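Fold and contact review
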Amino acid sequence: MVAVLALAGIVVSTMQTLVIPIVPELPRLLDASASDAAWAVTATLLAAAVATPVVGRLGDMYGKRRMLLTSLVLLVVGSLVGSVVCALSDSLAPTIAGRVLQGLAAAVVPLGISIMRDQLPGDRLAGATALMSVSLDVGGALGLPAAAFIADNFDWHVLFWTSAALGPVALALVPLIVPASRARSGGRFDLVGSLGLSAALVSLLLAVSKGADRGWTSSTTLGLDAAAVVLLLLWGWFELRTERRLVDLRATARRQVLFTDLASIALRLLDVRDVAGAAAAPPAARGDRVRARPVDAAVGLVMAPQGLVMMAMAPLSAAISKSRGPKATLMLGALIVAAATA
């Protein structure tokens, strides 16, 4: 069960990072500005940001395995439809539409962790949770070299054709291996909260992605920033006062949860920095106009060791958490990252 759930997480993360090796080439390939072409990545992450709390809440209400299968069906449909749309298109809008479909299955990892909590004994939960948690990074880190190789040696559309073969494998295994959970919370779905969160995230990401082109102090950018702030405040006010909330903000504001989330954000920013630096460095460093090949950009090769080490260290981190507590594991990991960065 743990292996199947981790495989599903790896498949999802591979979909999310599929186009990163060709990000520097997307403006030319799609005949679009750099900020517009970046939405081939941003759209997937936005869909994932919205889908994760929505599908997680539906899993509490209607069953986690049922929503896990639904997410994998969305992944398969998104892969097939998205692959066809993207593979037959050299324009921006269809490519973004396909990438949105591929981002709707991001809730697989939190759903998998919830299923593990319901099914596994306490002495096995820590290691399984650690493995499931790193599946997102492992899939991305291992998928990047493969994607870079494909983009370097074949037409870039092959990336999307290849992705269509991954989802059905996980979808076929889950009904055979993963048991259904009987834990249900019931209640009604928070439609207002989900719409408010979606609108706020869209406004924020539009402001960030278009700010460089339109100017960070332009009326459009400032208007989107203001809209994001107002929508988030209204959304938070509503979530604190409704009984059928999408996100429990009071639990999120607890010190242990809040600082753990902040630490996670800080460590994730380092991953983003590494990927962006690897993708952007080579053409300027060479000082010529020769197009940098994806493998030359080293996006995949830079990130692959990280994914392999993450997979190897998951059992060790679980053992440290069991003997010394998860706080010690987090502090030790942060120290290692700080030393590596220095």
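About the thresholds
- Residues numbered from 1 in each chain as written.
- Predicted model: local features only at pLDDT ≥ 70, side-chain atom pairs only at ≥ 80, totals over all residues.
- Heavy atoms only, no water.
- Helix = DSSP H or I, 4+ residues; strand = E, 2+ residues; numbered from the N terminus.
- Buried < 20%, exposed > 50% of the residue type's maximum accessible area, 1.4 Å probe, protein only.
- Contact = heavy atoms within 4.5 Å.
- Areas by Shrake-Rupley, 256 points an atom, 1.4 Å probe, with all protein chains shown as cover.
- Patch = residues over 30% accessible without salt bridge, like charges linked within 9 Å, V, L, I, M, F, W, Y side chains within 5 Å.
- Salt bridge = Lys/Arg side-chain N within 4 Å of Asp/Glu carboxyl O.
- Arc of directions from axis to C-beta.
- Expected span 1.5 Å × (residues − 1).
- Core = buried A, V, L, I, M, F, W, Y, C linked by side-chain atoms within 4.5 Å.
- pLDDT = per-residue confidence, 0-100.
- Axes fitted to C-alpha atoms, helices over the stretch in contact; angles between N-to-C directions.
- Parallel < 35°, antiparallel > 145°, perpendicular 65-115°, else oblique.
- Left-handed = near helix turned anticlockwise from the far one by under 90°.
- Nonpolar A, V, L, I, M, F, W, Y, C, P; charged D, E, K, R; others polar.
- Lys, Arg positive; Asp, Glu negative; His and termini not counted.
- Polar contact = N/O pair within 3.5 Å; in protein donor to acceptor, adjacent residues only side chain to side chain.

Looking only at helices and strands, the chain features 17 helices and 0 strands. Buried positions account for 42% of the 342 residues belonging to the chain. Of all intrachain contacts in the chain linking residues separated by at least 6 positions in sequence, the fraction that spans at least 24 positions is 79%. Just so you have it, the chain exposes about 17,200 Å², and 68% of that area is on carbon and sulfur atoms.

Quick look at a nonpolar patch on the surface now. Taken together, Leu7, Val169, Leu173, Leu176 and Ile177 make up a surface patch of nonpolar side chains, about 420 Å² in accessible area. The element contributing the most residues to the nonpolar patch is helix H10 (residues 167-177), with 4 residues.

Turning next to helix H6 (residues 92-102). The set of residues buried in H6 consists of Leu92, Thr95, Ile96, Gly98, Arg99 and Gln102. Each buried residue of H6 lies within a common arc of 160° when the element is viewed along its axis, so the set occupies one face.

Now for helix H12 (residues 219-241). End to end, H12 covers 33 Å across 23 residues, agreeing with the expected 33 Å (1.5 Å per residue, within 8%). Of the residues making up H12, those classed as buried are Thr221, Leu224, Ala228, Trp235, Gly236 and Glu239. Where H12 is buried, its residues contact helix H11 (191-214) and helix H13 (249-252).

With respect to the secondary-structure elements, valine 19 resides in the loop between helix H1 (2-16) and helix H2 (26-30). Judged by its relative accessible area of 1%, valine 19 is buried. Taking C-alpha positions, valine 19 is 8.9 Å from phenylalanine 160, a pair spaced 141 residues apart along the chain. With residues up to four places along the chain from it excluded, the contact list for valine 19 reads Ala40, Val41, Arg99 and Phe160.

Turning our attention to the nonpolar core. Note on soluble globular proteins: their nonpolar side chains tend to be buried together. Ranked by internal contacts, the top residues of the largest apolar core, which has 57 residues, are Leu68, Leu72, Val108, Met116 and Leu159. A total of 11 residues in this core trace back to one element, the largest contributor, which is helix H4 (residues 39-62). Setting aside residues up to four positions removed in sequence, methionine 116 forms contacts with Val2, Leu5, Leu125, Ala128, Thr129 and Met132. Membership of the second largest hydrophobic core comes to 5 residues, among which are Ala130, Val138, Ala314 and Ala318.

What follows is about the environment of leucine 270. Residue placement: leucine 270 occurs in helix H14 (residues 255-286). Measuring from C-alpha to C-alpha, the distance between leucine 270 and threonine 341 comes to 8.8 Å, with 71 residues separating the pair along the chain. Non-local contacts of leucine 270, meaning those with residues more than four positions away in its chain, are made with Val337 and Thr341.

This next bit is on the confidence of the model for the chain. In this model, the chain carries a mean pLDDT of 80, and residues with pLDDT of at least 70 account for 86%. Mean pLDDT values over the elements of the chain span from 48, in helix H15 (residues 294-297), up to 92, in H12. In the predicted structure, residues 283-292 sits below a pLDDT of 50 and forms 10 contacts with residues beyond four places in sequence or in another chain.

This part takes up the packing of H1 against helix H7 (residues 108-119). Relative to each other, H1 and H7 sit at 165°, their axes nearing to 9 Å. Judged by the inter-axis angle, H1 sits roughly antiparallel to H7. Viewed along their axes, H1 and H7 form a crossing whose handedness is left-handed. Residue-level inspection shows Val2, Leu5, Ala8, Gly9 and Val12 of H1 in contact with H7, the latter providing Val108, Val109, Gly112, Ile115 and Met116. Grouping the amino acids of the contact of H1 with H7 by side-chain chemistry returns 8 nonpolar, 2 polar and no charged.

For the rest of this paragraph, the subject is the side chain of serine 71. Examined against the element boundaries, serine 71 turns out to sit in helix H5 (residues 64-87). In this view, serine 71 contacts Val55, Ala105, Ala107, Val108 and Leu111; residues no more than four positions away in its chain are not counted.

You can see aspartate 190 is positioned in the loop between H10 and H11. With no salt bridge to any partner, buried aspartate 190 finds its closest opposite charge in arginine 244, at an N-O distance of 4.4 Å. Looking at aspartate 190, its side chain comes within polar contact range of the main-chain nitrogen of glycine 193, at 2.8 Å.

Counted by the stated rule, this structure contains 1 salt bridge. The partner of lysine 64 in a salt bridge is aspartate 118, with the nearest N and O atoms 3.1 Å apart. Of this pair, lysine 64 sits in helix H5 while aspartate 118 sits in helix H7, and the two are 54 residues apart along the sequence. Residue class for aspartate 118 comes out partly exposed when judged on its relative accessible area of 34%.

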